[in-house]
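Examination of the molecular architecture
Chain residues, written in single-letter form:
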Amino acid sequence: SQTKEEILKLLFQHKETFISGQAICEQLGCSRTAVWKHITELRKEGYTIESVQKRGYKLLEAPKRLTKEEVLANLNSRYFGKVIDFHEVVPSTQKIAHHLAEDGATHGTLVLADEQAGGRGRLGRVWHSPKGTGIWMSLILKPDLTINRIPQLTLLAAVAIVRSIKKVSDVDCSIKWPNDILFEGKKLVGILTELQSEMENVRAVIIGMGINVNIEWADMPAEIRDIATSLKIITGKTQSRVMLIQTIMTELEKLYDLYLNEGFEVIKPMWETYALSIGKVIRARTMQGEVLQGVAKGINNDGVLLLEDDQGVVHHIYSADIEI
Ligand code: BTX
């Protein structure tokens with residue numbers, strides 16, 4: 001129920017301290033008996049909650065499950081992730097986000113799942129999203145931007161995620177244009193940006209983010225074992241999905257505001273500091289199946305990749321798979 005969720009949020013916010021039953025009642029406008037009833041239910045769900053007379057309640061331990069209350073409890077953003085649509089298991093958060101966006105979901109709504117049974121990448125590829133081990137989420141944005149600027153949002157999201165991973169897990173990763181975040185050549189994060197538009201007008205943008213947080217090597221499907229990694233594999237430690245989601249929401253919002261105020265020009269140099277392929281010989285397989293080889297010169301102000309072939313011709317690449 002709504003009240004139970006609110007109580008849980010308060011308990012997470014006061015994690016190290018006691019919060020009195022009285023304070024909970026006053027904040028939520030419910031009775032002491034109601035509070036006590038919900039605390040009992042939460043205990044049944046696996047929360048260890050200490051209660052001491054005259055001091056109140058203190059959350060000692062939460063089940064390892066991902067919950068939206070824990071994410072919301074200490075979220076410092078203004079819009080991003082302030083409304084969370086959480087699911088234990090879904091086919092794809094991307095699909096749900098599309099429906100919600102059509103039904104008028106607000107800017108910054110986040111669809112989050114503990115497991116995806118039909119997670120997808122670009123061109124209908126599979127994105128493996130095993131239970132309890134990763135961050136599988138889709139952020140709904142309602143930007144006032146023209147269609148040609150939308151690819152910039154993928155690059156912006158990549159910067160925000162790289163920075164958040166550094167903050168939370170102290171891991172330095174790089175970005176492979178356009179949508180992969182790698183660590184030592186292995187894929188840690190995939191980003192899928194999709195949009196809903198009417199003629200030239202963007203109605204909604206959905207940024208899908210798949211982050212391998214605590215997936216272990218042994219649990220990876222065979223087909224990605226050689227190409228994928230996770231924060232746990234890299235650091236040897238279980239990492240907090242909650243903290244990473246919270247950090248990504250704030251970082252992403254900060255960069256997005258900056259982007260709206262000052263344009264992609266300010267995001268571009270940030271992106272370039274993490275970019276992997278600039279100055280290197282790469283092969284680009286475009287979505288039309290064309291293969292181009294040459295030196296990656298960088299990206300232009302639209303976020304388009306510039307590739308110079310051995311004749312000195314510079315090609316503009318809008319979307320492709322890159323081999324380095
Ligand atoms: P992509 O098309 O660039 O990459 C897909 C490829 O990545 C697959 O063909 C496979 O080789 C590899 N792969 C699949 N699963 C994993 C994994 N867990 N870790 C590393 N490599 C993998 C990338 O597409 C964009 C992925 C976005 C995923 C998010 S999750 C939340 C949202 N919902 C949804 O269905 N998709 C997005």
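About the thresholds
Residues numbered from 1 in each chain as written. Predicted model: local features only at pLDDT ≥ 70, side-chain atom pairs only at ≥ 80, totals over all residues. Helix = DSSP H or I, 4+ residues; strand = E, 2+ residues; numbered from the N terminus. Contact = placed C-beta atoms within 7 Å. Near = placed C-beta within 6 Å. Nonpolar A, V, L, I, M, F, W, Y, C, P; charged D, E, K, R; others polar. Pairing = 2+ DSSP bridges. Axes fitted to C-alpha atoms, helices over the stretch in contact; angles between N-to-C directions. Parallel < 35°, antiparallel > 145°, perpendicular 65-115°, else oblique. Left-handed = near helix turned anticlockwise from the far one by under 90°. Domains from an automatic or database assignment. Expected span 1.5 Å × (residues − 1). Core = buried A, V, L, I, M, F, W, Y, C linked by C-beta atoms within 7 Å. Buried ≥ 20, exposed ≤ 12 C-beta atoms within 10 Å, placed from the backbone.

1. A look at the environment of Ile7
Residue position: Ile7 is located in helix α1 (residues 2–13). Separated by 220 residues in the primary sequence, Ile7 and Ile227 place their C-alpha atoms 42 Å from one another. Excluding residues within four positions of it along the chain, Ile7 makes contact with Ile24, Leu28, Val35 and His38.

2. Here's the deal with the site of the ligand
In the vicinity of the ligand there are 28 residues, among which Ser92, Gly121, Gly190, Gly208 and Gly210 approach most closely. Those elements that provide at least two residues to the shell around the ligand are α5 (93–102), β5 (134–141), β8 (186–198) and β9 (201–212). Along the lines of polarity and charge, the residues of the shell around the ligand split into ten nonpolar, 14 polar and four charged.

3. Things to note about the sheet that holds strand β12 (residues 305–308)
Strand order in the open sheet formed by five strands is β13-β12-β11-β10-β14, and the pairing between neighbours is antiparallel. Strands at the two margins of the open sheet, each flanked by one partner only, are β13 (314–317) and β14 (320–323). Looking at each pair of strands side by side, their axes are set apart by 45 degrees on average, direction ignored.

4. Focus on the sheet that holds strand β3 (residues 84–90)
The seven strands lie next to each other as β3-β4-β5-β9-β8-β7-β6, forming an open sheet whose pairing is mixed. Of all the strands in the sheet, just β3 and β6 (174–176) have a single pairing partner and so form its edges. Averaged over all pairs of adjacent strands, the angle between their axes in this sheet comes to 20 degrees, without regard to strand direction. Bridge analysis of β5 against β9 gives eight bridges, and the strand direction is antiparallel. Residue pairing for β9: Leu141 is matched across the bridge by Val205.

5. Quick word on the packing of α1 against helix α2 (residues 21–28)
At a minimum axis separation of 11 Å, α1 and α2 run at an interaxial angle of 125 degrees. Taken together, the axes of α1 and α2 are oblique relative to one another. Here the hand of the crossing between α1 and α2 comes out right-handed. Where α1 abuts α2, its residues Thr3, Glu6, Ile7 and Leu10 lie against Ile24, Gln27 and Leu28.

6. Some details on the domain arrangement of the chain
Entries for the chain in the domain assignment read domain 1 (2–61), domain 2 (68–273) and domain 3 (277–323). The gap between the C-alpha centroids of domain 1 and domain 3 is 56 Å.

7. Here's the deal with the pairing of strand β10 (residues 281–286)
Where β10 meets strand β11 (residues 291–299), five bridges bridge the pair, whose relative direction is antiparallel. When the bridges of β11 are listed, Arg283 appears paired with Gln293.

8. Brief notes about α1
When the terminal C-alpha atoms of α1 are compared, their 17 Å separation across twelve residues agrees well with the 16 Å that a helix rising 1.5 Å per residue should span. If you follow the buried residues of α1, they end up packed against α2, α3 (32–44), β1 (48–52), β2 (56–61) and α4 (68–73).

9. Topic: the nonpolar core
Membership of the largest hydrophobic core comes to 68 residues, with the highest contact counts inside it found for Met137, Leu156, Ala157, Ala158, Ile161, Ile207 and Met209. Looking at which element gives the most residues to this core, the answer is helix α6 (residues 150–169), with eleven residues. Domain assignment of the residues forming this core places at least three in each of domain 2 (68–273) and domain 3 (277–323). The contacts of Ile207, once residues within four sequence positions are left out, are Ser138, Leu139, Leu141, Leu153, Ala157, Ile191 and Thr193. Ranked by size, the runner-up nonpolar core spans ten residues in total, among them Ile39, Tyr57, Leu59 and Ala62.

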